[in-house]
Amino acid sequence: MVTDPPVTIPADLAGISTGTVEGRLKALGFTAISYVDSLWKPVTPGPDWIVDSVEGAGTGMSRSSTVVVHVVGPPPAPPKTTTKTTTPKPAPPKTTPKPAAPPAPYYANCDAARAAGAAPLHVGEPGYRAALDRDKDGVACE
């Protein structure tokens, strides 16, 4: 009866992804690889699961033996980043500007104010100006 010579299982497989470990074990000629979780339940890990330990690591094993790999996984998902989404404020309604008030009338002198029917002019009324108020009593063109 011919037996294959033992092959040393690398001792540095813990902490590496199962995809990498499986590739290394197959490169050494191991074809039977069994994965178990921390409770020794058989699992089918994804390639990104992490190896916790390998039975017989650092020792020689026959290539026809089943290599038992303890895995932890899947790795935790990266934390969700929340971005504050802001709803743009609606544009204010378009308003049509109010037409500008007509300019206050200008009277060159009191004769022009009388001719326009605006005399007498009181302070605050359109067309009043101090130059037309001779006695400065607030009433022009009296």
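Think of each chain on its own: its residues are numbered from 1, step by step along the sequence as written. Since the coordinates come from a predicted model, pLDDT governs what is reported: local features require at least 70, and pairs of side-chain atoms require 80 or more to be given and counted, while whole-chain, interface and lining totals use all residues. Based on all heavy atoms of the structure, the side-chain values leave hydrogens and waters out of the count.

S.K.: Just give me the short version of the overall build of the protein chain, but keep the residues and values in it.
M.R.: Scanning the protein chain from N- to C-terminus turns up 2 helices and 7 strands. Its helices and strands in sequence order give the protein chain the pattern β-α-β-β-β-β-α-β-β, from N to C terminus. Relative to the 2.2 N^0.38 estimate, which gives 14 Å for 142 residues, the radius of gyration of the protein chain is 49 Å and therefore markedly larger than a compact globule would have. Each principal axis of the C-alpha distribution contributes one length, and for the protein chain these read about 140 × 25 × 25 Å. Looking at the protein chain as a whole, 23% of its 142 residues qualify as buried. Every residue pair with non-hydrogen atoms within 4.5 Å of one another is taken to be in contact. Taking as baseline every contact in the protein chain between residues at least 6 positions apart, the subset at least 24 positions apart corresponds to 51%. Where helices and strands are cited, they refer to DSSP runs of H or I of at least four residues and of E of at least two residues respectively, numbered from the N terminus. Radius of gyration: C-alpha atoms only; globule rule: 2.2 Å multiplied by the number of residues to the exponent 0.38. A simple rule labels every residue: compare its accessible area, found with a 1.4 Å probe on the protein chains alone, to the largest value its type can have, and call it buried under 20%, exposed over 50%, or partly exposed in between.

S.K.: Can you explain the sheet that holds strand 5 (residues 66-72)? Please cite residues and give values.
M.R.: Spatial ordering of the open sheet is given by 2-5-3, a layout of 3 strands whose pairing is mixed. Two strands bound the open sheet, and with one partner strand each, they are strand 2 (32-36) and strand 3 (50-54). The average undirected angle you get between the axes of adjacent strands in this sheet is 40°. Note on pairing: two strands pair once DSSP finds at least 2 bridges between them. Pairing between strand 2 and strand 5: 5 bridges, direction parallel. Within strand 5, the position partnered with A32 by the bridge is T66. Here the axes come from fitting lines to C-alpha atoms, over the contacting stretch only for helices, and the angles between their N-to-C directions go from 0 to 180 degrees.

S.K.: How would you sum up the nonpolar core? Please name residues and give values.
M.R.: Here the nonpolar core consists of buried residues drawn from Ala, Val, Leu, Ile, Met, Phe, Trp, Tyr and Cys, with membership extended through side-chain atoms lying within 4.5 Å. Counting 15 residues, the largest nonpolar core has I9, L13, L25, F30, V54, V67 and V69 as its most contacted members. Breaking this core down by element, the ones donating at least two residues are helix 1 (18-27), strand 2, strand 3 and strand 5. Broken down by element, this core gets its largest block of residues, 3 residues, from strand 5. Non-local contacts of L25, meaning those with residues more than four positions away in its chain, are made with I9, P10, L13, F30, I33, V67 and V69. Residues C110, A113, L121 and C141 belong to the second largest nonpolar core, which totals 7 residues.

S.K.: Now, about helix 1: what can you tell me, with residues and values included?
M.R.: Among the residues of helix 1, those classed as buried are T18, V21 and L25. The buried residues of helix 1 occupy an angular sector of 65° when projected down its axis, which confines them to one face. Contacts from the buried residues of helix 1 go to strand 2, strand 3 and strand 5. G29, located one to two residues past helix 1, shows a positive phi value of around 105°. Here the arc refers to the directions that run from the helix axis out to each C-beta atom.

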